[in-house]
Amino acid sequence: MTTTSLVASGTGKPAVTKTALPESLKRLIADGFSFGDTPPPWRVPDKLPATDLIQSGIGTVEASLVPVDIETAKVIILKLADTFPTFGAISKLQEKHRTETWLAANKDLPSDLWVQAYLSCARSPSLKRMPTPGEFRAFVAPQFERRKRDLARLQAMLAASTGVAAAKAEAAKKPAPPPDTEQAKLRVLIRSAKMLGQWDVAQERENRLAELEGGRAPEVFVKPKAPAPVSTLGPERRPEIDIWKLPVSDWMTPAEKVHVLRGHASSMRRLGPSRYADWLDDEADKIEGVVITDIAEAS
């Protein structure tokens with residue numbers, strides 16, 4: 001017995017054919033892969049397909065979630081009663097109450113899942129009696145929940161896609177940037193020349209800009225005077241500041257002190273003439289003079 005013949009036998013309508021989603025959409029709404037653990041939570045993909053494709057997928061899933069019509073449900077309930085043995089005949093009132101109970105429990109299931117659940121009941125080797133509405137629903141509950149999940153994920157993708165499209169439309173409404181005119185270029189070049197200290201170049205470009213702007217009087221750029229150099233080496237004679245302290249320690253030998261002083265003086269002179277370096281050499285000469293005097297007296 002096919003799905004079409006089963007449903008058509010009671011309603012005269014062909015069974016609803018479920019259109020499959022494109023594989024590209026299936027991959028986007030599927031759960032993430034995991035090695036036996038709980039799959040990671042689904043999130044909207046960074047790269048979304050075309051909005052038309054998402055809307056088509058939503059229409060497909062919504063069509064697969066259309067609730068069963070009452071006549072189709074009645075046919076399947078009667079076939080369940082015919083398939084499984086019952087204890088005696090039931091009255092019309094009992095049959096009415098049974099149908100109402102089944103519809104109250106499962107009227108949200110679509111027609112194709114009603115048919116699938118019926119076939120699963122009929123094929124079950126362990127089911128020896130007519131199933132309850134809950135047992136009937138359990139056969140197709142995972143598929144039904146999966147369809148609702150797919151619809152929610154497609155709707156989330158559509159919302160994101162619509163938001164991106166709206167942002168692009170809003171950006172398109174913004175005024176276009178000013179044209180790349182010669183005046184705009186000159187203003188940028190003037191700022192750059194002033195930052196680099198190229199005052200003559202900046203003045204030439206300012207003069208040209210003034211001509212383009214209707215012959216206005218150009219702004220005159222004056223090169224700022226450089227501040228007077230401040231010596232960090234101190235006055236001619238030694239002041240009481242840290243920079244003029246001897247870079248030696250008491251625990252050094254005289255030869256070590258002379259070596260350190262000569263090295264510092266040489267390093268200072270690499271930057272130019274230095275009174276501080278001269279003073280270090282003088283101090284080194286004094287230490288050497290004391291050493292020579294001590295050696296002479298000892299001999």
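The shown structure was predicted, so the numbers you read here are calculated from the model rather than taken from an experiment. (Residues numbered from 1 in each chain as written. Predicted model: local features only at pLDDT ≥ 70, side-chain atom pairs only at ≥ 80, totals over all residues. Heavy atoms only, no water.)

Participant: Can you walk me through the overall build of the protein in this structure?
Facilitator: Counting its secondary structure elements, the protein contains twelve helices and zero strands. By the burial criterion, 28% of the 299 residues in the protein qualify as buried. Within the structure as shown, the protein displays about 20,100 Å² of accessible surface, and the carbon and sulfur contribution to it stands at 59%. (Helix = DSSP H or I, 4+ residues; strand = E, 2+ residues; numbered from the N terminus. Buried < 20%, exposed > 50% of the residue type's maximum accessible area, 1.4 Å probe, protein only. Areas by Shrake-Rupley, 256 points an atom, 1.4 Å probe, with all protein chains shown as cover.)

Participant: Just checking my understanding: could you explain helix α9 (residues 182-195) for this structure?
Facilitator: Every α-helix winds through 3.6 residues per turn, so residues three or four apart in the chain are directed the same way. Compared with an ideal rise of 1.5 Å per residue, which puts 14 residues at 20 Å, α9 spans 20 Å between its outermost C-alpha atoms and is within 8% of the ideal. In this structure, the buried residues of α9 make contact with α10 (199-212). Positive backbone phi, at 80°, marks Gly197, one or two positions downstream of α9. (Expected span 1.5 Å × (residues − 1). Contact = heavy atoms within 4.5 Å.)

Participant: Teacher, can you tell me more about the packing of helix α4 (residues 70-83) against helix α5 (residues 92-106) here?
Facilitator: Each pair of packed helices can be summarised by the angle the axes make with each other and by the distance between the axes. Two numbers describe how α4 lies on α5: the axes approach to 10 Å, and their chain directions differ by 115°. Crossing geometry of α4 relative to α5 is assigned as right-handed. Along the contact surface, α4 presents Ile70, Ala73, Lys74, Ile77, Leu78, Leu80 and Ala81, while α5 presents Glu95, Arg98, Thr99, Trp102 and Leu103. A class-by-class count of the residues in the contact of α4 with α5 yields eight nonpolar, one polar and three charged. (Axes fitted to C-alpha atoms, helices over the stretch in contact; angles between N-to-C directions. Left-handed = near helix turned anticlockwise from the far one by under 90°. Nonpolar A, V, L, I, M, F, W, Y, C, P; charged D, E, K, R; others polar.)

Participant: Just checking my understanding: could you explain the packing of α4 against helix α6 (residues 111-123) for this structure?
Facilitator: Between α4 and α6, whose axes approach to 10 Å, the crossing angle comes to 5°. Classified by the interaxial angle, the pair formed by α4 and α6 is roughly parallel. In contact with Thr72, Ala73, Ile76, Ile77, Lys79, Leu80 and Thr83 of α4, α6 contributes Ser111, Trp114, Val115, Tyr118, Cys121 and Ala122. (Parallel < 35°, antiparallel > 145°, perpendicular 65-115°, else oblique.)

Read these as spatial facts, not as claims about activity.
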